[in-house]
Amino acid sequence: MSRPKSIVIFGGARGIGAAVARRFAASDFRVYIADVLETEGNALVRELGEDRASFTICDVARADDISAVFDLAVAESGGIDVVFNNVGIARYGEVDRLDLEDWELTLRVNLTAQFLSCKRAVAEMKKTGGGVIINTASILGHASQKTTAAYAASKAGVMALTRTVAIDHAKDNIRCVSISPGTIDTPLVQIAAQTFEGRDPQDLRREWADHHPLRRLGRPQEVAETVFFLASEGAAFITGSDILIDGGIRSELYAEKPGEPAQ
Ligand SMILES: NC(=O)c1ccc[n+]([C@@H]2O[C@H](COP(=O)([O-])OP(=O)(O)OC[C@H]3O[C@@H](n4cnc5c(N)ncnc54)[C@H](O)[C@@H]3O)[C@@H](O)[C@H]2O)c1
């Protein structure tokens, strides 16, 4: 009897990661959710069913925590088909004000953790004949915004890591792809909108939406559909690429102001 398909999701308790967990659970994957948010993670497992999903508390800044998630998935499912490295944090500041600690934490959580996860994923996937690794980068890995030096550098690093894993392990039947979302309507963005003093969060989200040619924020489910496709046989010739899911924002050099007629 063939073993059930499995996916490990780092940063799967809410937002994009939770949408990906729902999408894969709906397609009979066994879903291993790893996150620092215990309440949200356990609630998601109850929603998906304990026969479909499990939650492990995991801080990706700790190598041992990452290993423990792989250990569980391999012991239960006999191998791992898909790994989604999705944890991302942001620390803001112009470089002369950005603390070294914030820089190092951002690189550790956003980039080094993906390296550690890729390292173990490749080792496990080699044993079972292959698999797919999907890493979350960002539109900010392509073009920057003020005060995002640490985040932008980490996300550009994710794309470089992805390309190299892809070419090193094509021979092992392992594909590695990154995704670069534009602004997606997740708790991360909702919380960010509430932290701007003197600004109405709804106005701010409208403004962010208007920066995208499609004039709206992306939905976590839309990212999940792309991730599901990238993990599927339909994407068998895609590796090393970064896939923009950005409502067109990367394509426009000078955004027209909302209300201006299109030229
Ligand atoms: N939402 C956006 O607009 C957007 C845009 C571009 C890229 N991204 C990227 O997409 C990914 C998901 O973002 P989101 O918007 O769903 O964010 P989110 O904050 O809603 O979800 C991120 C998840 O990662 C978890 N996490 C944070 N630190 C962790 C750690 N040290 N160890 C384990 N888990 C940890 C959080 O608890 C959360 O569940 C991130 O990598 C983010 O950088 C998001």
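Residues numbered from 1 in each chain as written. Predicted model: local features only at pLDDT ≥ 70, side-chain atom pairs only at ≥ 80, totals over all residues. Heavy atoms only, no water.

Novice: How should I be thinking about the site of the ligand in this particular structure?
Specialist: As a structural note, the neighbourhood of the ligand is formed by 28 residues, with R14, D35, Y151, I184 and T186 the closest of them. In this structure, I16 approaches the ligand through a main-chain N or O atom, which is 2.8 Å from an oxygen atom. Considering the ligand on its own, with 820 Å² of exposed area, one finds that the protein chains cover 94% of that surface. Counting only elements with at least two residues in the shell around the ligand, the list comes to helix 1 (15–25), helix 5 (149–169) and helix 6 (187–194). Counting residues per element, the shell around the ligand draws most heavily on helix 6, at three residues. Of the residues assigned to the shell around the ligand, the class counts are 15 nonpolar, nine polar and four charged. Counting residues domain by domain, the shell around the ligand receives three or more from each of domain 1 (6–182 + 221–243) and domain 2 (183–217). (Near = heavy atom within 4 Å. Polar contact = N/O pair within 3.5 Å; in protein donor to acceptor, adjacent residues only side chain to side chain. Areas by Shrake-Rupley, 256 points an atom, 1.4 Å probe, with all protein chains shown as cover. Helix = DSSP H or I, 4+ residues; strand = E, 2+ residues; numbered from the N terminus. Nonpolar A, V, L, I, M, F, W, Y, C, P; charged D, E, K, R; others polar. Domains from an automatic or database assignment.)

Novice: I'm lost on the domain arrangement of the protein chain in this one. Help?
Specialist: Size of an interface: often given as the accessible area lost when the parts come together. Partitioning the protein chain into structural domains gives domain 1 (6–182 + 221–243) and domain 2 (183–217). Centre-to-centre separation of domain 1 and domain 2, based on C-alpha positions: 24 Å. Between domain 1 and domain 2, the contact holds seven residues from the first and eight residues from the second. Buried surface at the junction of domain 1 and domain 2, summed over both partners, amounts to about 600 Å²; 63% is from carbon and sulfur atoms. Our enumeration of links across domain 1 and domain 2 arrives at one salt bridge. With a shortest N-O distance of 2.7 Å, R216 and E222 are connected by a salt bridge. Across the domain 1-domain 2 interface, the total number found is two residue pairs in polar contact (both at pLDDT 80 or more). For the side of domain 1 that touches domain 2, the secondary-structure elements that each account for two or more residues are helix 1 and helix 8 (220–231). For the side of domain 1 that touches domain 2, the per-class residue count stands at three nonpolar, two polar and two charged. (Contact = heavy atoms within 4.5 Å. Buried area = accessible area lost by both parts, 1.4 Å probe. Salt bridge = Lys/Arg side-chain N within 4 Å of Asp/Glu carboxyl O.)

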